[in-house]
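Okay, here's what each chain looks like letter by letter:
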Amino acid sequence: MSKNADSNPNRRDFIKASGKATAAGALAGVALPHVHAAVDDTVNIALIGAGGRGTGAAHNALSVSAANGPTKLVAMADVFEDKMASSHNSLSKRHGKKVDVPAERRYIGFDGYQKAMDNLKEGDIAIFTTPPGFRWVFFDYAVRRGLNVFMEKPVTADGFGTKKILESNKIAKQKKLKVGVGLMCRHSKARREMAGRIADGELGELLLLRSYRMHGPVASARSLPQKEVAQYRDLEEVRWQIRRFHSFLWASGGAFNDYYIHTIDECCWMKGAQLGDPENVKQTSWPIYAQATGGRHYRGNYVDQNLDTYSVEYHFADGTKLWHNGRTINGCHNEFASYAHGTKGLGIFSINGHWPADAQMFRGQTPNPAQRKWRFNKVVNGTLIKETDPYQDEWDDLLDAIRNDKPYNEADRGAMASQVCNMGRMAAHTGMRITWDQALDIKEPFSPNLDKLSLKGPAPVVADKDGKYPVPNPGQMAFKDAKGDTYYKEY
Ligand SMILES: NC(=O)c1ccc[n+]([C@@H]2O[C@H](COP(=O)([O-])OP(=O)(O)OC[C@H]3O[C@@H](n4cnc5c(N)ncnc54)[C@H](O)[C@@H]3O)[C@@H](O)[C@H]2O)c1
């Protein structure tokens, strides 16, 4: 018996082998002139969360290289008709017959995720691009059904969600399911080369990492009271909060998780963050505690739960710091970038956003072009070597793993990166130094019953009579449990 005899057969080999076996079995002893054994090795896809990124992810899934195709979209789920219609129209126009989602396979409602996934068979892929609060609910179902998954970042909004994802992923790993997480920068060739060079010591010992995400208010991060928004005044409270998901901590982890996770995660990566055991984070290179400041400014009538500024100091076990700066205020200095300072120089990346990373390394601690010692984008023999789109790369990598049964599971890493965000945000919201364990073992999860959510409610967070939601009040977020032990809440 080969040493790989217990592993999943590679999907193409399986289809080839089972096609041959069926043909041989059915045709034994029968003389037929010519038989065409039509074998369909299409990977079917269900999209759950047909919004902006969901439409983009499905487009990437349908655009994988010929070597990794064919792929087909067969089911969609959302909780809004308008989102469903616009996503279905746009994908159909772009991909024609690869979008095979008739009205009866377009599901609207909170149980739509199950119905959409029920159209898939083992080896197919479920895409989760709803607000992240729902990830653990969907992931649990997909794992039980034996489906491969692509889920967008962040994958959790609090420690409760992180534990749920890690728990389900134990089974996903036993089943050898392939799981991609939309931290696409991890698939960027420029960042990969840079991480390798840093691991090889080209920047010496890393002492400080810095990440910046500073711009005006983004997406649904600022919200007015529902009754003041004519278009949504009569919408059920639950769907109002989903529509404005960056405003609500239960749904997204706030603008903090949704927007800051990329640069925070890539800095942890450059520092060499290993998967390791989340219950024993000192054994890994993820940060072990965070302290932070943040504030709300010029709020006017905005009622969302976000702070508008965040400055977080993450502490790694060896004393290295990661300093993250986030701001959503117009009229200020804007910056989107990541930096790694080592004893032998400086690395910069993401200076113009996610793609291209324009990763570079310098002698000294300033990005002085005369001192540049490496840059990914470069002219070699008259040809410009530049990066490919990491949003597409992550899909080709996932399909390659499915087609060729390569180990591929990013769920633990996605959960750890999300948890680093949860810890930093919690430090800012409570005003306390928050350890990994405190952030993981929260006493009062934001929304532990999302698997039972219904249109009738109740909504996971409730507004007061003026339509205002509870907000973080740093310094006032300590509470006592029944045993008299102190614990922290974010609002
Ligand atoms: N990797 C990236 O760079 C990137 C970029 C954009 C968005 N994202 C992520 O993608 C996710 C979605 O963001 P978006 O900008 O597309 O938001 P969006 O609001 O455009 O899309 C979310 C969709 O999910 C639907 N939905 C919500 N709850 C649902 C449920 N329970 N069942 C089914 N459908 C549900 C919504 O109605 C909406 O259509 C977020 O986690 C976001 O962080 C990642």
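Bear in mind the structure is a predicted one, so any value in this text is a computation, not a measurement.

How each quantity is defined
- All chains use their own residue numbering, which begins from 1 and follows the written sequence.
- With the structure being a predicted model, the display of local features is reserved for residues of pLDDT at least 70 and the display and counting of side-chain atom pairs for 80 or more, all residues being used for whole-chain, interface and lining totals.
- Comment: elements are numbered from the N terminus, with helices defined as DSSP H or I runs of at least four residues and strands as E runs of at least two.
- Partly exposed residues are those falling between the two cut-offs: more than 12 but fewer than 20 other C-beta atoms within 10 Å of their own, whereas 20 or more means buried and 12 or fewer means exposed, with C-beta atoms placed from the backbone.
- Contacts here follow a simple rule: the backbone-placed C-beta atoms of the two residues must lie within 7 Å.
- One requirement defines pairing of two strands: DSSP has to find at least two bridges between them.
- Fitted lines through C-alpha atoms serve as axes, helices being fitted only where they are in contact, and the angles separating the N-to-C directions of these axes extend from 0 to 180 degrees.
- What we call a nonpolar core is a set of buried Ala, Val, Leu, Ile, Met, Phe, Trp, Tyr and Cys residues whose membership is set by joining through C-beta atoms within 7 Å.
- Note that domain bounds follow an automatic or database assignment of domains.
- When residue character is reported, Ala, Val, Leu, Ile, Met, Phe, Trp, Tyr, Cys and Pro are called nonpolar, Asp, Glu, Lys and Arg charged, and the others, Gly included, polar.
- For a crossover, the right-handed case is the one in which the path from the first strand over the helix to the second runs clockwise, viewed with the strands pointing away from the viewer.
- The labels follow the angle: roughly parallel below 35 degrees, roughly antiparallel above 145, roughly perpendicular from 65 to 115, and oblique for the rest.
- For a crossing to be left-handed, the near helix must be turned anticlockwise from the far one by less than a right angle; the clockwise case is right-handed.

> Is there a simple way to explain the environment of Ala-172 in this structure?
Summarising the element assignment, Ala-172 is placed in helix H6 (residues 159-174). Accessibility expressed as a C-beta count within 10 Å gives 24 for Ala-172, which makes it buried. Sequence spacing of Ala-172 and Glu-228 is 56 residues, and the spatial spacing of their C-alpha atoms is 45 Å. Apart from residues lying up to four places away in sequence, Ala-172 is in contact with Val-143, Leu-177, Val-179, Asn-409 and Ala-411.

> How should I be thinking about the sheet that holds strand E9 (residues 309-315) in this particular structure?
In a beta sheet, neighbouring strands are held together by backbone hydrogen bonds and run either parallel or antiparallel to one another. Pairing in this open sheet of nine strands is mixed, and the strands run E14-E13-E12-E11-E7-E10-E9-E8-E17 from one edge to the other. The open sheet terminates on both sides in strands that have one partner only, identified here as strand E14 (372-375) and strand E17 (434-435). Here strand E7 (residues 206-215) runs beside strand E11 (residues 335-342); their pairing, made up of eight bridges, is antiparallel. Across the sheet, the residue bridging to Leu-209 is Ala-340, located in E11. Across the face of the sheet, helix H7 (residues 189-199) comes into contact with E7, E11, strand E12 (345-349), strand E13 (360-362) and E14 while running at roughly 160 degrees to E12.

> Can you walk me through the nonpolar core in this structure?
Looking at soluble globular proteins, one finds that nonpolar side chains tend to be buried together. Of all hydrophobic cores here, the largest spans 122 residues; its most connected members are Ile-45, Ala-46, Ile-48, Ala-126, Ile-127 and Val-149. Residues from two domains meet in this core; each of domain 1 (2-185 + 398-409) and domain 2 (188-389 + 418-439) gives at least three. Not counting residues up to four positions away in its chain, the partners in contact with Ala-126 are Ala-46, Ile-48, Met-117, Leu-120, Ala-142, Leu-147 and Val-149.

> I would appreciate a short explanation of the domain arrangement of the protein chain in the present structure.
By a frequent convention, interface size equals the accessible area lost on bringing the separate parts together. Its domain assignment divides the protein chain into domain 1 (2-185 + 398-409) and domain 2 (188-389 + 418-439). The gap between the C-alpha centroids of domain 1 and domain 2 is 29 Å. Tallying the contact residues gives 16 residues for domain 1 and 23 residues for domain 2. In the side of domain 1 that touches domain 2, the residues fall into ten nonpolar, four polar and two charged.

> Can you walk me through the pairing of strand E2 (residues 71-78) in this structure?
Successive side chains on a regular strand alternate, one facing one side of the sheet and the next facing the other. By the criterion of burial, E2 is predominantly enclosed, with seven of the eight residues buried. Summarising the sheet, strand E1 (residues 43-48) and E2 pair through six bridges and their orientation is parallel. Residue pairing for E2: Leu-47 is matched across the bridge by Met-76. Bridging between E2 and strand E3 (residues 106-108) involves three bridges; their strand directions are parallel. Paired with Asp-78 across the two strands is Ile-108, which belongs to E3. Taken together, E2, helix H3 (residues 81-95) and E3 constitute a β-α-β crossover, and its handedness is right-handed.

> Mind showing me how you'd approach the packing of helix H2 (residues 52-62) against H3 here?
Geometry of a packed helix pair, given as the angle between the helix axes and the separation of the axes. For the pair H2 and H3, interaxial distance at closest approach is 10 Å and the crossing angle is 25 degrees. Regarding the angle of H2 to H3, the classification is roughly parallel. Crossing of H2 against H3: the hand is right-handed. Across from Gly-54, Thr-55, Ala-58, His-59 and Leu-62 in H2, the residues of H3 making contact are Ser-87, Ser-90, Leu-91, Arg-94 and His-95.

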